[in-house]
Amino acid sequence: MKKGWIIAGIIILVLAIGIASQYNNLVNLETNVDARWAQVENQLQRRADLIPNLVNTVKGYASHEEGVFTEIAAARSRLLGAGDPSARMEANNSLDMALGRLLALAENYPELKADTSFVRLQDELAGTENRIAVERMRYNDSVENWNRTIKRFPTVIVAGLFSKTSRPFFEAAESAREVPKVEF
Amino acid sequence: MPKVFKTTGLIGALITILSVSVWAAFPKPVGYVNDFAQVIDRESAAKITELATGLREDQGVELAIVTIQSSRPLTPKGYATELFNDWGIGGPEDSGLLILLVTDEREIQVEVGYGLEGVLPDGKVGAILDEAVIPYFSKGEYGKGLLGGTKAFRAVLADEDYETKERDDEFLASFVIFMIIVVAIYLSYRRGSKGPGGTVFRTGPVYPGTIRPRRSSGGPKRGGGGFGGFGGGRSGGGGAGRKF
């Protein structure tokens, strides 16, 4: 009788240790996903900060292209106003498209293309695009790891116990695949 | 039961590590100048090496010049970012700089480590490429262009100093750890248990991506002299590039 209790106690202890280690693992992974997303946000913010300068420079040469400027301003404020990750991703994709149009516009204005501050801004923008791409990749890697882990047995039980759900990937918009490049 | 899970997890982790290392089949660095595409003339290579050695000794900045023929399947920029982080250019303060020339694509990409993003914003990197590198490249003088770029970057970084800060922090941290270990051993001796042997002090931290062990023990301090391998530096896609 006594022996039975001891065995039951050991089994419960082992189970508790197992759940605790699984849970800690989940916490680590989830923190990693959050940290990666914070990095993505950093870079999105950085780009949003660059845009007014870029728009002003372009305006100096192509002030009548109002449509593109309003489109960018709208997309930018949507991005800054978006709360949760998936809304931000969506706003970011429409900003990507608007920016693509702005940069394509520069092709029609040779003096703009030769302007040093425009070239600098374009470098900054391209660099930020690259940073976003890198952080997006790192974020998606962490999400993939997280989503896989919480679906796998036995972690799936612990994940269900603490109601951990899967996270969305950050997919790039089709038009955003091509990072703007400065060519000479 | 949990032991089984742990083992599965371990095996999973191992497989992940293995697959990552198989995928990232980058060449190993041979020095500050890694002319894999063989386009740099001897004289320029020697001068760049001299400048890079100086950069590391005086400013604590690690510069790597790499030429390759093709970056496929990655884009030149993607290759630069991956290579930078694989080699760990820049040490603990991420003060690294990678200049990657891809000859087939006729593209140059500069990757700036996190620690240098403040002094070398992308716009400045682009301007340096336009002024000091591209004029030579369009004439096909790769060695001179890379030397010109190295000189320009060194001029920008002349007032920077990443070494002192690192050394101070490192010294303090290792001193504290050293004292803790000494106290721990002293206490364990007093209790009559067997403390760990003195070998503990001799092993330095292991830096993934370090190719050859550094000369100094206890971390990547920058000693004088030759190339001791990169290690620990990170980047996140900063920098600029040009096609020519």
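Residues numbered from 1 in each chain as written. Chains lettered and ligands numbered in written order. Predicted model: local features only at pLDDT ≥ 70, side-chain atom pairs only at ≥ 80, totals over all residues. Heavy atoms only, no water.

A word on the packing of helix α1 (residues 2-61) of chain A against helix α2 (residues 66-81) of chain A
All names here are of chain A. Rule in force here: Helix axes are fitted only over the stretch in contact, all axes being lines through C-alpha atoms; the angle between N-to-C directions runs from 0 to 180 degrees. Only runs of H or I of at least four residues qualify as helices and only runs of E of at least two qualify as strands under DSSP, and these elements are numbered from the N terminus. Note on terminology: angles under 35 degrees are roughly parallel, angles over 145 are roughly antiparallel, angles of 65 to 115 are roughly perpendicular, and the others are oblique. When the near helix sits turned anticlockwise from the far one by under a right angle, the crossing is termed left-handed; a clockwise turn instead gives a right-handed crossing. Note on definitions: a residue-residue contact is assigned when non-hydrogen atoms from the two residues lie within 4.5 Å.
At a minimum axis separation of 11 Å, α1 and α2 run at an interaxial angle of 165°. The pairing of α1 with α2 is recorded here as roughly antiparallel in orientation. With respect to the hand of their crossing, α1 and α2 are arranged in left-handed fashion. Where α1 approaches α2, its residues L44, Q45, A48, D49, I51, P52, V55, V58 and K59 are matched on the opposing element by F69, I72, R76, L79 and L80.

Observations concerning the packing of helix α5 (residues 116-151) of chain A against helix α4 (residues 122-137) of chain B
Here is the rule: As a working rule, the residues Ala, Val, Leu, Ile, Met, Phe, Trp, Tyr, Cys and Pro are called nonpolar, Asp, Glu, Lys and Arg charged, and the rest polar, with Gly in that last group.
Relative orientation of the contacting elements α5(A) and α4(B) amounts to 120°, with a least axis distance of 7 Å. Relative to α4(B), the element α5(A) lies oblique. Between α5(A) and α4(B) lies a crossing whose hand is right-handed. Contacts from A:V119, A:R120, A:D123, A:E124, A:G127, A:T128 and A:R131 in α5(A) reach B:D122, B:G123, B:K124, B:G126, B:A127 and B:D130 in α4(B). Residue composition of the contact of α5(A) with α4(B), grouped by class: two nonpolar, four polar and seven charged.

Some thoughts on the sheet that holds strand β2 (residues 62-68) of chain B
By way of backbone hydrogen bonds, the strands of a sheet pair with one another, either parallel or antiparallel. All names here are of chain B. Under the convention used in this document: By the convention used here, strands pair only if DSSP detects at least 2 bridges between them.
Pairing is mixed in the open sheet, where five strands are placed in the order β1-β2-β3-β4-β5. Here the strands that pair on one side only, and so sit at the sheet edges, are β1 (33-35) and β5 (235-243). Taken pair by pair, the neighbouring strands of this sheet meet at an average axis angle of 15°, ignoring direction. One ladder, built from seven bridges, connects β2 with strand β3 (residues 96-102); its direction is parallel. Bridge pairing in β3 links I68 to V102.

Some thoughts on the interface of chain A and chain B
The condition that has to hold: For salt bridges, the criterion is a side-chain nitrogen of Lys or Arg within 4 Å of an Asp or Glu carboxyl oxygen. In protein, a polar contact requires one atom able to donate a hydrogen and another able to accept it; more generally it is a pair of N or O atoms within 3.5 Å, and residues adjacent in sequence count only if both atoms are side-chain atoms.
Between chain A and chain B, the residue contacts involve 21 residues of the former and 24 residues of the latter. Across the chain A-chain B interface, the total number found is three salt bridges. Salt-bridge contacts for A:R131 lead to B:E117; the nearest nitrogen and oxygen are separated by 3.1 Å. For the pair chain A and chain B, the number of links is eight residue pairs in polar contact (both at pLDDT 80 or more). Those elements that provide at least two residues to the side of chain A that touches chain B are α1 and α5 of chain A. Here the element with the most residues in the side of chain A that touches chain B is α5(A); it accounts for twelve residues.

Here's the deal with the environment of A:T57
All names here are of chain A. Operational definition: Relative accessible area decides the class of each residue, using a 1.4 Å probe on protein chains only: under 20% of the type maximum gives buried, over 50% gives exposed, and in between gives partly exposed.
Mapping T57 onto the fold places it in helix α1. Judged by relative accessible area, which is 14%, T57 ranks as buried. Separated by 14 residues in the primary sequence, T57 and E71 place their C-alpha atoms 16 Å from one another. The residues touching T57, leaving out its near neighbours within four places in the chain, are L112, D115, S117, F118 and L121.

A closer look at helix α2 (residues 42-59) of chain B
Residue and element names in this part refer to chain B. The cut-off we apply is this: Here a helix's expected span is defined as the number of its residues, less one, multiplied by 1.5 Å.
The end-to-end C-alpha distance of α2, which contains 18 residues, comes to 25 Å, matching closely the 26 Å that a straight helix rising 1.5 Å per residue would cover. Those residues of α2 that fall on the buried side of the exposure criterion are S44, A45, I48, L51, A52, T53, G54, L55, R56 and Q59. Count one or two residues on from α2 and you reach G60, which has phi positive near 70°.

Some remarks on the confidence of the model for chain B
Parts of the model with low pLDDT should not have their predicted coordinates read in detail. All names here are of chain B. Selection criterion: Values of pLDDT, which run from 0 to 100, indicate the predictor's confidence residue by residue.
Of the residues in chain B, 71% have a pLDDT of 70 or more, and the chain-wide mean is 78. Low pLDDT, under 50, characterises residues 164-168; the stretch is placed with eight contacts to residues that sit more than four places away or in other chains. Note on residues 193-224: pLDDT under 50 across the span, and 55 contacts to partners over four residues away in sequence or across chains.

Comments concerning the pairing of β2(B)
Residues and elements named next belong to chain B. So the rule is basically this: Orient the strands so they point away from the viewer; a crossover is then right-handed if the path from the first strand over the helix to the second runs clockwise.
Along β2, seven of the seven residues are buried, which leaves the element largely enclosed by surrounding structure. Pairing geometry for β1 and β2, over three bridges, is parallel. Within β2, the position partnered with D35 by the bridge is T67. As a crossover connection, the stretch from β1 through α2 into β2 is left-handed.

Describing the pattern of salt bridges
A side chain with one charge may pair with a side chain of the opposite charge, provided their charged atoms come close. Applying the stated criterion across every chain, the model contains 22 salt bridges over all chains. Between B:E62 and B:R56 there is a salt bridge, with the nearest N and O atoms lying 3.2 Å from each other. A salt bridge links B:D130 to B:R242; the shortest N-O distance between them is 2.7 Å. Taken together, the positions of B:D130 in helix α4 and B:R242 in strand β5 put the pair 112 residues apart, joining distant regions of the chain. Classification of B:D130 as partly exposed rests on a relative accessible area of 25%. Accessibility expressed as a relative area gives 1% for B:R242, which makes it buried. Residues participating in the shared-partner salt-bridge network are A:E30, A:D34, A:K164 and A:R167.

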